[in-house]
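Summary of structural features
Each chain is listed here by its residues.
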Amino acid sequence: MQTAIENTEATYISPRLLKVFEAAGFKKVMNLFITAGFPTIEDTVDLILGYEKNGADIIELGMPFSDPLADGPTIQYSSEVALSNGLMMDDIFAMVAEVRKHTQIPIILMGYINPLLYYGIDRFFENAATAGVDGLILPDVPVEESGLIQIASQNNKLPLIYLVAPNSTDERMRLVDKKSGGFVYCVSVTGVTGARTAAEVSSSVERFIDRINEHITQNPVLIGFGISSYEDAVRISERARGFVVGSALINNIRDERDKNPNDWKDAHFKFVHRLKHGN
Amino acid sequence: MANSNTNILTPEKNGVNVSEDLKYSFPDTRGYFGSFGGKFVPEILIPALDQLESEYNVVKTDPDFNKERFHHLKEYVGRPTPLTLASRLTEHYGTGKIYFKREDLCHTGAHKINNTIGQVMLAKRMGKKRIIAETGAGQHGVATATVCARFGLECVVYMGEEDMRRQKLNVDRMKLLGAEVRGVTSGSRTLKDATNEAIRDWVTNVEDTFYIIGSAVGPHPYPMMVRDFHDVIGLETESQCLEIEGRLPDYVLACVGGGSNAIGIFYRFINDKNVKLIGLEAAGEGETTGKTAATFAKGKPGVLHGSLSYLLQTPQGQIALAHSISAGLDYPGVGPEHAHLFDTGRVKYYPVSDKDAMAAVKRCSEMEGIIPAIETAHAIAWLEKLMPSLSKDEIVVLNCSGRGDKDMGTISEYFYGS
């Protein structure tokens, strides 16, 4: 397939993201995903700051959508909770701006294109950039459809971060690398987001990572989908620059809140600390 | 234009390549119908869609593939379906002349099987062993389970639990045909959620699984492919109308949910500017009540299930819950080609309420001896508005897209309280 996409200028990369990868050196970069507004709107900023204290290098903040078709039941659940909490797009920008008063940890927004279209693409990118967002992951916007957002992205120096999957061709990997600004998100298995067993994240990951390292050369690679423990993270990200954890955090929040509804955050942050450090 | 003497079922004439001489030429190479369409899917599906597109481009004009397809349509589906004069309805209105294109007489009871035959042949050709589908009313699920039984393929159908309740008969039909019906409990538990689950299954099992989409929706090339496989409806209608009346119809009416039966009958006539095309969408309890599925009356452009089209949404850009008494129209989106035809004004779309559709179910049953699907009844209801404005000799063709047997539960409850 020929794609009509041309890179009109070099993809911008946020200095905050560059700094994280430089500072990490040989250490793995840990990107933690949390749905904005889950479990409550008030919790989100606390969680982000706590994640950073306990080892997070990048925060991926989920913008909830009613029909998240690249996500599994866990993130669908957290999205439904966030929406029923009444979360609005402007609340998300307010959360980012609040975090920026305390820290410069890179924040990537992850979400689906429809709420952005309704909000207005230009307005979205302006407000996100002003709040201090460093990049954007839109799983239902492959490079074919990037025309919708490309100009707003360039004008606001807010780059897209694209995904590659085990079934992506070599050519496709090079295209995604060229279009991404900050890192490339590698999906370790075909499927939706969600925690998986070791057997499911099979040895075919090895061959996939060989291809990634050969064809993705401009951006660092973070690997995700199916990581729920320190051991998973060590094994799966062995030859990548770092890893992403999402559903396992949501699951842990649900477990800890069940055990201790009023005081669950410390136990949750311990879980986060173990993800990064193994203890 | 087609000659009335030609046998309707010759693939040479019916092959999709016939459309090359038409002025209307959509989608473009990126899968866009004007501003609508595209491929808004996760990266994992891109290789699968690319493969599907190139395979479809090969078979589209392949005489052998189309010969076999038309063989199945004739010998298994029972095509061509008749163009029946609705004589008592015609008499009732006293103006114009009403014909029904009898898709309700297709094997399995609706037009849906025209498409599943085509897609299952494609799946088989691509070496896929497993078929998945989403279904609302259950008609597409039944049509998929049917062709999977016929072609010997494993079949999994996703269906919202709310729809499983409304359409129990079709659930049992699918099971009897050997399909696994997976109930969907997320969101509104209807077609939209069943589609989400089917896409998630596809993302997970993309290597061995073929997703048979049931309406003219989804990412490119699905809206084009589904349209092309249903084009036989319009093609037959054109020939039959020329044969019976010696000219093309003045009006063509069809109900629109995702829009597969409508695009199937409209597509042939898009360049015939004198043929007025009318799509009827489900207003539910009324397009101003919030309990509606009237996508054009109440929706705005947006992205759902892989394409950019009109969508019912909340002020935050979340997908709104649709409502219609008819499970097949209970969907917050509409196919991207319809969005284009709406924007250009080539097709006019109007909302029809649950109440008017149910009255039409009754009227059609009593006056024509045809119990229509509630979906189809939305088009039949529009005759009340349209017919009084027509002159005596104007010809109206209505796509009688499905029969109402599957709706007897809803119909009994509505009219007889049981």
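Report follows, based on the coordinates. (Residues numbered from 1 in each chain as written. Chains lettered and ligands numbered in written order. Predicted model: local features only at pLDDT ≥ 70, side-chain atom pairs only at ≥ 80, totals over all residues. Heavy atoms only, no water.)

**Some points on the overall build of chain B**
- Looking only at helices and strands, chain B has 16 helices and 14 strands in total.
- In terms of overall dimensions, chain B is globule-like: its C-alpha atoms have a radius of gyration of 20 Å, near the 22 Å expected for 418 residues.
- On the principal axes, the C-alpha backbone points of chain B span a range of 55 × 50 × 40 Å.
- The buried share of chain B, reckoned over its 418 residues, is 68%.
- Residue pairs in contact within chain B that sit at least 24 positions apart in sequence constitute 74% of those at least 6 positions apart.
- Taken as a whole, chain B presents about 14,000 Å² of accessible surface, with 50% of it coming from carbon and sulfur.
- In chain B, 46 side chains carry a positive charge and 52 a negative one; their mean positions are 1 Å apart. (Helix = DSSP H or I, 4+ residues; strand = E, 2+ residues; numbered from the N terminus. Rg over C-alpha atoms; globule rule 2.2 N^0.38 Å. Buried < 20%, exposed > 50% of the residue type's maximum accessible area, 1.4 Å probe, protein only. Contact = heavy atoms within 4.5 Å. Areas by Shrake-Rupley, 256 points an atom, 1.4 Å probe, with all protein chains shown as cover. Lys, Arg positive; Asp, Glu negative; His and termini not counted. Charge placed at Lys NZ, Arg CZ, Asp CG, Glu CD.)

**Remarks on the nonpolar core**
- Within the largest apolar cluster, 194 residues are counted, with the highest numbers of intra-cluster contacts made by Tyr51(A), Leu109(A) and Phe124(A).
- At nine residues, the largest contribution of residues to this core is made by helix 10 (residues 222–245) of chain B.
- Ignoring anything within four residues of it in the chain, the contact list for Tyr51(A) reads Leu32(A), Ile34(A), Ala56(A), Ile59(A), Leu249(A), Ile253(A), His268(A), Phe269(A) and Val272(A).
- Judged by nonpolar contacts, the second largest core, of 32 residues, contains Tyr251(B), Cys364(B), Ile370(B) and Ala379(B). (Core = buried A, V, L, I, M, F, W, Y, C linked by side-chain atoms within 4.5 Å.)

**Some details on the interface of chain B and chain A**
- Listed per partner, the contact involves 38 residues of chain B and 37 residues of chain A.
- Between chain B and chain A the total buried area reaches about 3,100 Å² when both faces are included, carbon and sulfur atoms providing 55% of it.
- Connecting chain B to chain A are three salt bridges.
- Among the ionic pairs, Arg30(B) bridges to Glu145(A), the shortest N-O distance being 3.6 Å. (Buried area = accessible area lost by both parts, 1.4 Å probe. Salt bridge = Lys/Arg side-chain N within 4 Å of Asp/Glu carboxyl O.)

**Considerations on the sheet that holds strand 3 (residues 107–110) of chain A**
All names here are of chain A.
- One open sheet accounts for eight strands, arranged 4-3-2-1-8-7-6-5; its pairing is parallel. Both outer strands of the open sheet, strand 4 (135–137) and strand 5 (163–164), are each paired with one neighbouring strand and no more.
- Across the sheet, helix 4 (residues 89–100) touches strand 2 (58–62) and strand 3, and the angle it forms with strand 3 is around 170°. (Pairing = 2+ DSSP bridges. Axes fitted to C-alpha atoms, helices over the stretch in contact; angles between N-to-C directions.)

**Considerations on the pairing of strand 14 (residues 395–399) of chain B**
Residue and element names in this part refer to chain B.
- By the criterion of burial, strand 14 is predominantly enclosed, with five of the five residues buried.
- Neither face of strand 14 is exposed, since Ile395, Val397 and Asn399 on one face and Val396 and Leu398 on the opposite face are all buried.
- As defined by bridge partners, strand 4 (residues 97–101) adjoins strand 14 across five bridges and the pair is classed as parallel. Looking across to strand 14, one finds that Phe100 is bridged to Leu398.
- Direction of pairing for strand 9 (residues 251–256) relative to strand 14: parallel, over a ladder of three bridges. By the bridge assignment, Val252 is partnered in strand 14 with Val397.

**What about the pairing of strand 4 of chain B?**
All names here are of chain B.
- Most of strand 4 is tucked away, with four of its five residues classed as buried.
- Direction of pairing for strand 3 (residues 83–85) relative to strand 4: antiparallel, over a ladder of three bridges. Following the sheet pairing, Leu83 is matched in strand 4 by Lys101.

**A word on the sheet that holds strand 9 of chain B**
Residues and elements named next belong to chain B.
- Strands sit in the order 3-4-14-9-10-13 across an open sheet of six strands; the sheet is mixed. Each edge of the open sheet is held by one strand with a lone partner, namely strand 3 and strand 13 (347–353). Geometrically, the sheet is characterised by an average inter-axis angle of 30° between neighbouring strands, direction not taken into account.
- Along the sheet, helix 10 contacts strand 3, strand 4 and strand 14; its crossing angle with strand 4, the most-contacted strand, is approximately 140°.

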